[in-house]
Amino acid sequence: MQERQQESRGEPTQFGDMAREKFRKQLHELADWIADFREHIEQLLVAPDAKPGAIRAQLPRHGPEKGEPFEKILSDVDHIIVPGMVHWSHPMFLGYFGWTSTAPGILGEILSVPLSVNAMTWRTCPAATELETVVIDWLRQWVGLSDEFEGVVYDTASVGIMHALAVAREEAAPKTRKLGLTDRDLPRFRIYTSDQAHSAAEKAAIALGLGEENVIRIPSDDQFRMDVNSLGRRIAQDRYNGLQPMAVVATVGTTSTASVDPVSEIAKICREEKMWLHIDAAYGGGFAIVPEYKWVCNGWELADSVVINPHKTVFVPLDFSVLYVRGLERLRRVFTLVPEVLRGDTIEGEKNYMDYGIQLGRRFRALKAWVIWRSLGRAGVVARLREQIRLANLLSDWVKRDNGFELSAPASMGVVCFRFIDSDVNKLDKLNSDIVERINAKGRAYLTQTKLRDRTVIRIGFGNVLTTEEHLRKGWKLIRETADAVRAKSQIPKDQSASDLRLGA
Ligand SMILES: Cc1ncc(COP(=O)(O)O)c(C=O)c1O
């Protein structure tokens, strides 16, 4: 009783929530904290110089016995957490696939927290379910995918690929959902993907009991695209040996170079061979919104499933990945299973998204997509993606004009791979790796390294809306200066340089 009276006066209670006025005050403080963080982010180091375990060492080993004030918790965020972070939203963060942190995205994410629903069935939150259907369809229209495709939102593309291949497996080996794979007279199934594709295909094969070794890596051509002739030959060889080709995972925007597989030709093979075609457009799919990049979705009309990560290229904060399936009912048939406690929730003819995957509980992810896409509009998305493409092409031109460097792959979308070559050819891998390590350790910029044809290259990925041409100029200067310093440290006289040994020459 006393508890209720205190609560109605907005005073703190022993069992309930924080006092209302205090909550309001802290929300305002937090709003200021977020705005300050965003405003001053450039003054932070992009990456910490902490050694492994340094952050853990500042935190107690046991959880607190008594509650602590929010001010103290926020102060630890300032002093322990923020300095121990790689700041993906920093304008000099040029690694991986540049992040999609934007002010409207942050607002959308914040908004979904107090609403705190579980979007497992339509009835558990009609608005969350119906908004998910709406934003999935907006994106489908923006990228130009036919309306035979419907989708579902998962956290990541890896999860999407696993679900797509689960349907492919069910169609290749009916009743696997019921009977499993063992003690049945089933062939060995094969999945094909390029040597540049993401390891998500292997992870899916592991999870689905298909076996990591049954994911066959098809060689790529000189522009890092799957070689279709090799694919055809490998499928024929596998059939000859009694194996069953099941699926191809084609990539639109590979992880290292953002290359695009020849999907139309691959799709033709899949049709002839009656194989599932999954398109991993986790990165590249978003670029199909840009009119001059429409070509990236050539052949998609023949696919069975497509995954796109708006948290990579369509400005939705992590995590938000959409799996589209031609005839979404195929996916539902594999995963629908209604627990008794939810049976009454599933009587309406509406979608229950729990039926489309292994996850039961689901966040209200659609809200943040709706907020950011309404805030930017399609034109705003296109303008920002075009700017990333422009910066990538600009960097690519600078690399081409500098004798100390070479492009390692054609610039594609927001990705540029290049290599420092002005030194002893035998030391180039180490030198390029050292350049990236040294820049990242100093925290003034953050880059990625990758291997292309067994050579270490520097990789830059654009995506952050705060990154301007000025930041890029600073980054390029830093790379050149660091390259000179690293070469000097390796004590190789300049006359032994091997700048004429160009990649692919
Ligand atoms: C081409 C491609 N596919 C799939 C993935 C996996 O994405 P996620 O982290 O959403 O699982 C990545 C990650 O970078 C990727 O580059």
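Structural notes, computed from the coordinates. (Residues numbered from 1 in each chain as written. Predicted model: local features only at pLDDT ≥ 70, side-chain atom pairs only at ≥ 80, totals over all residues. Heavy atoms only, no water.)

To continue, consider the site of the ligand. Surveying the vicinity of the ligand reveals the residues Phe97, Thr156, Ala157, Ser158, His198, Gly253, Thr255, Asp280, Ala282, Asn309, His311 and Lys312. One nitrogen or oxygen atom from the main chain of Ala157 is found 2.8 Å from an oxygen atom belonging to the ligand. One of the side-chain nitrogen or oxygen atoms of Ser158 is found 2.5 Å away from an oxygen atom of the ligand. Protein contact buries 86% of the 390 Å² of open area that the ligand shows by itself. Put simply, the parts of the chain that give the shell around the ligand at least two residues each are α6 (157-172) and α11 (310-313). A per-class count over the shell around the ligand returns three nonpolar, seven polar and two charged. (Near = heavy atom within 4 Å. Polar contact = N/O pair within 3.5 Å; in protein donor to acceptor, adjacent residues only side chain to side chain. Areas by Shrake-Rupley, 256 points an atom, 1.4 Å probe, with all protein chains shown as cover. Helix = DSSP H or I, 4+ residues; strand = E, 2+ residues; numbered from the N terminus. Nonpolar A, V, L, I, M, F, W, Y, C, P; charged D, E, K, R; others polar.)

Now for the nonpolar core. The biggest cluster of nonpolar side chains holds 104 residues, and the ones touching the most others in it are Leu165, Leu277, Trp300, Val306, Leu331 and Trp373. Ranked by the residues each element gives to this core, the list is headed by helix α13 (residues 366-401), at ten residues. For Leu277, the residues in contact, after removing those within four places along its chain, are Val248, Ala250, Val263, Ile266, Ala267, Cys270, Leu302, Ala303, Asp304 and Ser305. Judged by nonpolar contacts, the second largest core, of 33 residues, contains Phe405, Phe418, Phe420 and Ile479. (Core = buried A, V, L, I, M, F, W, Y, C linked by side-chain atoms within 4.5 Å. Buried < 20%, exposed > 50% of the residue type's maximum accessible area, 1.4 Å probe, protein only. Contact = heavy atoms within 4.5 Å.)

So, on to the pattern of salt bridges. Going through the model one piece at a time under the given rule, you end up with 31 salt bridges. For Arg140, the salt bridge goes to Asp137, with nearest N and O atoms at 2.6 Å. Pair noted here: Arg140 and Asp137 are both in helix α5 (residues 126-143), with a separation of three residues, about one helical turn. On the basis of relative accessibility, which here comes to 10%, the residue Arg140 falls in the buried class. The partner of Arg487 in a salt bridge is Asp422, and the shortest N-O contact between them spans 2.9 Å. Here Arg487 is found in helix α15 (residues 469-489), whereas its partner Asp422 is found in the loop between β9 (415-420) and α14 (428-442), with 65 residues between them in sequence. Asp422 matches Arg487 in its accessibility class, with the two residues each being buried. What emerges from the salt-bridge pattern is a single network uniting Glu109, Asp319, Arg363, Arg365 and Lys368. (Salt bridge = Lys/Arg side-chain N within 4 Å of Asp/Glu carboxyl O.)

Here the focus is helix α9 (residues 228-240). Given a rise of 1.5 Å per residue, 13 residues ought to cover 18 Å, and the 18 Å separating the end C-alpha atoms of α9 matches this to within 8%. Residues of α9 that are buried include every one of Val228, Ser230, Leu231, Ile235 and Asp238, and no others. For α9, the arc enclosing every buried residue in end-on projection is 155°, short of the 170-degree limit, so these residues lie on one face. Pointing more than 90 degrees away from the buried face of α9 are the exposed residues Asn229, Arg233 and Tyr240. Close packing links the buried residues of α9 with β2 (189-194), β3 (215-218), β4 (244-251) and α10 (263-273). At the exit of α9 stands Gly242, carrying a positive phi of roughly 85°. (Expected span 1.5 Å × (residues − 1). Arc of directions from axis to C-beta.)

Within a sheet, each strand pairs with its neighbour through backbone hydrogen bonds, oriented either parallel or antiparallel. Overall, mixed pairing links the seven strands, which are arranged β1-β7-β6-β5-β4-β2-β3 in an open sheet. Where the open sheet ends on each side, the last strands, each with one partner, are β1 (149-154) and β3. Direction aside, neighbouring strands of the sheet carry axes that sit 20° apart on average. Bridge analysis of β2 against β4 gives five bridges, and the strand direction is parallel. Bridge assignment links Phe189 to a residue of β4, and that residue is Gln244. Helix α8 (residues 200-207) rests against β2 and β3 of the sheet, and its axis sits at about 165° to β3. Packed on one face of the sheet, α10 meets β4, β5 (276-281) and β7 (321-326) and runs near 155° to β5. (Pairing = 2+ DSSP bridges. Axes fitted to C-alpha atoms, helices over the stretch in contact; angles between N-to-C directions.)

Let us now look at the layout of surface pockets. Space inside the largest pocket adds up to approximately 1,200 Å³. Forming the boundary of the largest pocket are 35 residues, of which Leu30, Trp33, Ile34, Ile106 and Ile110 lie nearest the centre. Only α2 (20-40), α3 (70-81) and α4 (103-115) provide two or more residues apiece to the lining of the largest pocket. Looking at the lining of the largest pocket, the element that brings in the most residues is α2, giving eleven residues. Across the lining of the largest pocket, the residue classes break down as 25 nonpolar, eight polar and two charged. The computed volume of the second largest pocket comes to approximately 410 Å³. If you go around the second largest pocket, you meet 27 residues; those closest to its centre are Phe97, His198, Thr255, Asn309 and Lys312. At the level of secondary structure, the elements contributing two or more residues to the lining of the second largest pocket comprise α6, α11 and β10 (448-452). Partitioning the lining of the second largest pocket into residue classes produces eleven nonpolar, 13 polar and three charged. (1 Å grid on protein atoms, 1.4 Å probe; cavity = no way out; pocket = protein on both sides within 12 Å on 5 of 7 lines; lining within 4 Å. Points joined across faces, edges and corners; volume = space filled by probe spheres on them.)

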